[in-house]
Amino acid sequence: MSQGSPGDWAPLDPTPGPPTPPNPFVHELHLSRLQRVKFCLLGALLAPIRVLLAFIVLFLLWPFAWLQVAGRTEEQLQEPITGWRKTVCHNGVLGLSRLLFFLLGFLRIRVRGQRASRLQAPVLVAAPHSTFFDPIVLLPCDLPKVVSRAENLSVPVIGALLRFNQAILVSRHDPASRRRVVEEVRRRATSGGKWPQVLFFPEGTCSNKKALLKFKPGAFIAGVPVQPVLIRYPNSLDTTSWAWRGPGVLKVLWLTASQPCSIVDVEFLPVYHPSPEESRNPTLYANNVQRVMAQALGIPATECEFVGSLPVIVVGRLKVALEPQLWELGKVLQKAGLSPGHVDAGAEPGRSRMISQEEFSRQLQLSDPHTVAGAFSYFQQDAKGLVDFRDVALALAALDGGRSLEELIRLAFELFAEEQVEAPGRLLYKDGFSTILHLLLGSPRPAAVTLHTELCQGGPHQGLSLCQFQDFSLHDPLHRRLFSTYLRPSQKPHASSPRTPTALANGTVQASKQKGD
């Protein structure tokens, strides 16, 4: 298997095929010695002054934001604000926002194309979303409304700006919140131009600009025309990207403020009018708009996305974690000097045995409390804080380099398959199947359950036999290579090594270093 630098995708075999896209979750910034000296000098002289002045302007925005909503009831804020407050506060916030980005080094905002009116396109979709500087796109869009987390209301100044913006707020802790957001987006988008446009970043998180992440359907639920907006940072050195793996917030801010001049290009593409089928199917609508924007950017459109806080990639019919927690568990055990092959798992096939953290430490012969807590946290716990020891047994077996892939797959089936009620033999039902894929590949459980249902379609049972499970994991060429690449059963457990390849569709990606400061 070819080896490359972290963040590159390399083919699984030398067979010619379509080029594979780069890993969009990783950003590596390589500086020459001369560039390091330059950033040290400018970082010491220019960056502190710029950041200080930018923060002063940020706090000057607060009075304008407060004035627009002062004395307004929640009922009144359900309608767009008009009158003198709108004129004064809108222009004040717009001018100070441009000054803020100017002070941070964004001396030029180059605009191409024509922004559509709110009647022509009630919704704007901007991509690629690569940095916390991307709100700069609000300026040439004349401060459209945005969608933001409700938790941001409590952030000083930012909360005031969200109230000024009459942003649509979504709470991650309230299941009903998403439904209300959908209804509010639809209400504003179909208001006939009464409301200003609503701006979405449909990827939902930041990437490194080298590929588009899967678009979420929220911006497309209303079924109205949308205008795609492209964001580019055509600078000689990419200091702005803030990806899952790469420079952290402070480093990105410091490096960008140290640049003499940063440029951003904003391009308005023609309005995309959905077909009747797209209007009824937001996911189809989102996928087609993603392809249009990717083509205009000259980068791939991928199925990569975030599920919770975990980056997930699509391989065949599988969703798998970019870096499964199994790798991190291997790192913890390896650091503790534990060889998984020398642990007597003692798990009983087909039956769960719940164990506490104390039993876990005795079984694995771990004495350091920090190591025990770290390793124990990688397994799903029930309401009493117990874990199923079958999970532990399978994870240890996967990290044991002495097992073949065939032995590991058979063991996984034996541990989690259940006896049939009305017929002899054992079947692997959705709970066991999703647990196996989650442990070995980091697959989100809901996605694994959906895949299990697809695999069982047309069969007489709601479970998989051993032969069916082996066909899926061992005999399918793509899935076999995936399991082999993730688990490497012929090697000792270096599962969490930052240079271990992760299988992807038509290729692999090198796992990267952790995000720094």
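It should be emphasised that the depicted structure is a prediction, and the values quoted were computed from it without experimental measurement. Residue positions within a chain follow its written sequence, with the count starting from 1. Two thresholds apply to this predicted model, a pLDDT of at least 70 for residue-level local features and 80 or more for giving and counting side-chain atom pairs, whereas whole-chain, interface and lining totals are computed over all residues. Note that the side-chain values use all heavy atoms of the structure and ignore hydrogens as well as water.

(A) Focus on the overall build of the chain. Under the scheme used here, helices are H or I runs from DSSP no shorter than 4 residues and strands are E runs no shorter than 2 residues, and both carry numbers assigned from the N terminus. Per the secondary structure count, the chain includes 16 helices and 17 strands. Out of the 517 residues belonging to the chain, those deemed buried represent 51%. The long-range share in the chain, meaning contacts at least 24 apart out of those at least 6 apart in sequence, stands at 71%. Shrake-Rupley sampling with a 1.4 Å probe provides the accessible areas, and residues are treated as covered by the protein chains on show and by no other component. Summed over all atoms, the accessible surface of the chain reaches about 24300 Å², with 57% contributed by carbon and sulfur. Partly exposed residues are those whose accessible area sits between 20% and 50% of the maximum for their type, while under 20% is buried and over 50% is exposed, using a 1.4 Å probe and protein chains only. Residue contacts are counted whenever heavy atoms from the two residues lie within 4.5 Å of one another.

(B) Seen up close, empty space enclosed by the protein. Note on definitions: the grid is 1 Å and covers protein atoms alone; a cavity is a set of points where a 1.4 Å probe fits but cannot get out; a pocket is an open set with protein on both sides within 12 Å along at least five of seven lines; lining residues have an atom within 4 Å of a point. Grid points are joined across faces, edges and corners, and a volume is the space filled by probe spheres set on the points. Tallied over the entire structure, the rule returns three cavities of 30 Å³ or more. Here the largest cavity defines a volume of roughly 60 Å³. Lining of the largest cavity is provided by Q68, K86, H90, L143, K145, F164, N165 and P196. Listing elements by their share of the lining of the largest cavity, those giving two or more residues are α2 (84-103) and α3 (158-165). In the scheme used here, Gly and all other residues not listed as nonpolar or charged are polar, with Ala, Val, Leu, Ile, Met, Phe, Trp, Tyr, Cys and Pro taken as nonpolar and Asp, Glu, Lys and Arg as charged. Within the lining of the largest cavity, the residues separate by chemical class into three nonpolar, three polar and two charged.

(C) Structural context of the layout of surface pockets. Approximately 450 Å³ is the volume attributed to the second largest pocket. Lining the second largest pocket are 19 residues; nearest its centre among them are E74, Q78, A167, L169 and R188. At the level of elements, α3, β5 (168-170) and α4 (175-189) are the ones that each hand at least two residues to the lining of the second largest pocket. Among the elements that line the lining of the second largest pocket, the one with the most residues is α4, at five residues.

(D) How the structure looks around the UniProt feature "transmembrane region" (unreviewed entry) in the chain. In the UniProt entry, the feature "transmembrane region" (unreviewed entry) is given for residues 39-62 and 92-109. Taken end to end, residues 39-62 is 100% helix and 0% strand, and its two terminal C-alpha atoms sit 32 Å from one another. Taken end to end, residues 92-109 is 67% helix and 22% strand, and its first and last C-alpha atoms sit 19 Å apart. UniProt positions are given in the numbering used here, feature names are shortened, and annotations may be inferred rather than shown by experiment.

(E) Structural view of the packing of aromatic side chains. Aromatic rings from Phe, Tyr and Trp, taking only the six-membered ring of Trp, are treated as a pair when their centres fall within 6.5 Å; an angle between ring planes under 30 degrees marks them as stacked, one over 60 as edge-to-face, and anything in between as tilted. The full count for this structure, using the stated rule, is 15 aromatic pairs. On the numbers, 6.2 Å between centres and 65° between planes, the contact of F106 with Y233 is edge-to-face. Of this pair, F106 sits in strand β2 (residues 106-112) while Y233 sits in the loop between β7 (226-232) and α5 (249-258), placing them 127 residues apart in sequence. Residue class for Y233 comes out buried when judged on its relative accessible area of 10%. An aromatic cluster of three or more residues is present, and its members are F101, F106, F132, F133, Y233 and W242. Charge-over-ring contacts are defined here by two conditions on Lys NZ or Arg CZ: a distance within 6 Å of the ring centre and an angle within 35 degrees of the ring normal. If you follow R245 out to its NZ or CZ, it ends over the ring of W244, 3.7 Å from the centre.

(F) Looking closely at the pairing of strand β3 (residues 123-127). Most of β3 sits out of view: five of its five residues are buried. Residues V123, V125 and A127 of β3 are buried on one face, and the alternating residues L124 and A126, pointing to the opposite face, are buried as well. Strand direction decides the pairing type here: β3 and β7, joined by five bridges, are parallel. Of the residues in β7, the one forming a bridge with A127 is L230. A strand pair is defined by DSSP finding two or more bridges across the two strands.

(G) Broad picture of the side chain of E267. Here E267 lies in strand β8 (residues 262-268). In the analysis that follows, any N or O atom pair within 3.5 Å is treated as a polar contact, provided that within protein one partner can donate a hydrogen and the other can accept it, and provided that, for residues neighboring in sequence, both atoms belong to side chains. Side-chain polar atoms of E267 contact the side chain of R232, separated by 2.8 Å.

(H) Expanded view of helix α10 (residues 369-376). Regarding α10, the residues found buried are T371, V372, A375 and F376. With its buried residues spanning 125° around the axis, α10 presents them on a single face. Turned more than 90 degrees from where α10 packs its buried face, P369 and H370 sit exposed. At its buried positions, α10 is contacted by α8 (325-335), β12 (354-355), α9 (357-364) and β13 (387-388). This arc is taken over the directions from the axis of the helix to the C-beta atoms.

(I) Molecular detail of the sheet that holds β2. Strand order in the open sheet formed by seven strands is β2-β8-β7-β3-β6-β4-β5, and the pairing between neighbours is mixed. Across the chains shown, the open sheet's two edge strands, defined by having one partner strand only, are β2 and β5. Strand-to-strand twist in this sheet, taken as the mean axis angle between neighbours without regard to direction, amounts to 25°. Direction of pairing for strand β4 (residues 145-149) relative to strand β6 (residues 198-200): parallel, over a ladder of two bridges. Paired with K145 across the bridge in β6 is V198. Orientation is described by axes fitted as lines to C-alpha atoms, over the contacting stretch for helices, and by angles from 0 to 180 degrees between their N-to-C directions. The strands touched by helix α7 (residues 282-297) within the sheet are β3 and β7, with β7 carrying the most contacts at an inclination of about 40°.

(J) Here's a closer look at the pattern of salt bridges. By salt bridge we mean one thing: a side-chain nitrogen of Lys or Arg within 4 Å of a carboxyl oxygen of Asp or Glu. Tallied over the entire structure, the rule returns 14 salt bridges. Linking R187 and E79 is a salt bridge whose minimum nitrogen-to-oxygen distance equals 3.9 Å. Highlighted residues: R187 in helix α4 and E79 in the loop between α1 (33-69) and α2, separated in sequence by 108 residues. Take E79: its relative accessible area is 33%, and that puts it in the partly exposed class. One salt bridge connects E183 with R179, and the closest N-O pair in it is separated by 4.0 Å. With a gap of four residues between them, E183 and R179 both fall in helix α4, about one helical turn apart. Residues joined by salt bridges that share partners form a network here, namely E79, E184, R187, R188 and K194.

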